[in-house]
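Okay, here's what each chain looks like letter by letter:
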Amino acid sequence: RYTRQEGLVDPNRDFPFDLFNSNDCMQTIAGRTLNELFRDNIFQLCFTFHGGVELIGYEWGATSYSNTYFSPDDTAQSQLAKAFSLYGSRWSGHPDYET
């Protein structure tokens, strides 16, 4: 499996969440660039393309942060994921996306 690294740091793991040392985050150009984009802009909706899996999903992996399995905007994210799934599954010969 191919993983991209800058030095010895994987940009996909270069974000300041649950770290004990603040010097351990934003070490890569990719991480710093994304940080500045999110600091300067308000994104209402964002798509990501992932090479390892094909799905319609949404972000929320912070059960250690709030002790809940549901994001604050779970209803909206769930509705968007279902709509994207319906749209994407209509392409010829493609099975329904799981949400």
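Residues numbered from 1 in each chain as written. Predicted model: local features only at pLDDT ≥ 70, side-chain atom pairs only at ≥ 80, totals over all residues. Heavy atoms only, no water.

J.: Before we move on, can you summarise unusual backbone geometry with the specific residues and values?
T.: Its identity as a non-glycine residue notwithstanding, M26 has a phi of 55°, on the positive side. Summarising the element assignment, M26 is placed in the segment before helix 1 (29-40). Taking the relative accessible area as the measure of exposure, M26 reaches 18% and is therefore buried. (Helix = DSSP H or I, 4+ residues; strand = E, 2+ residues; numbered from the N terminus. Buried < 20%, exposed > 50% of the residue type's maximum accessible area, 1.4 Å probe, protein only.)

J.: Can you lay out the side chain of E6 for me, pointing to particular residues and giving the numbers?
T.: Along the chain, E6 turns up in the segment before helix 1. Of the polar contacts made by the side chain of E6, one reaches the backbone nitrogen of I29; its length is 2.6 Å. Ignoring anything within four residues of it in the chain, the contact list for E6 reads P11, T28, I29 and A30. (Polar contact = N/O pair within 3.5 Å; in protein donor to acceptor, adjacent residues only side chain to side chain. Contact = heavy atoms within 4.5 Å.)

J.: Can you explain a nonpolar patch on the surface? Please cite residues and give values.
T.: A cluster of nonpolar side chains, namely F15, L34, L37, F38 and F43, defines an oily patch on the protein surface of about 440 Å² accessible area. Note on placement: L34 falls in helix 1. (Patch = residues over 30% accessible without salt bridge, like charges linked within 9 Å, V, L, I, M, F, W, Y side chains within 5 Å. Areas by Shrake-Rupley, 256 points an atom, 1.4 Å probe, with all protein chains shown as cover. Salt bridge = Lys/Arg side-chain N within 4 Å of Asp/Glu carboxyl O.)

J.: Pulling in residues and values, what's your account of the environment of Q5?
T.: Relative to the helices and strands, Q5 is located in the segment before helix 1. Of the residues examined, Q5 reaches a relative accessible area of 45% and is grouped as partly exposed. In this structure, the C-alpha to C-alpha distance between Q5 and T28, residues 23 residues apart in sequence, is 8.6 Å. The contacts of Q5, once residues within four sequence positions are left out, are D10 and P11.

J.: Break down the packing of aromatic side chains for me, with residues and values.
T.: Aromatic ring pairs are defined here through the distance separating the ring centres and the angle between the ring planes. Under the definition given, this model contains one aromatic pair. On the numbers, 4.8 Å between centres and 50° between planes, the contact of F38 with F43 is tilted. (Phe/Tyr/Trp six-rings, centres within 6.5 Å; stacked < 30°, edge-to-face > 60°.)

J.: Quick rundown of helix 3 (residues 74-88)? Include the residues and the values.
T.: Taking 1.5 Å per residue as the helical rise, helix 3 with its 15 residues ought to reach 21 Å, and the 21 Å between its terminal C-alpha atoms agrees with that figure. Listed as buried for helix 3 are D74, Q77, S78, A81, S85 and G88. Along the axis of helix 3, the buried residues cluster in a sector spanning 100°; they form a single face. Facing away from the buried side of helix 3 by more than 90 degrees, the exposed set consists of T75, Q79, L86 and Y87. (Expected span 1.5 Å × (residues − 1). Arc of directions from axis to C-beta.)

J.: Break down the confidence of the model for the protein for me, with residues and values.
T.: Residues at a pLDDT of 70 or more form 76% of the protein, whose mean pLDDT is 77. Mean pLDDT across the elements of the protein bottoms out in helix 2 (residues 63-66) (60) and peaks in helix 1 (89). (pLDDT = per-residue confidence, 0-100.)

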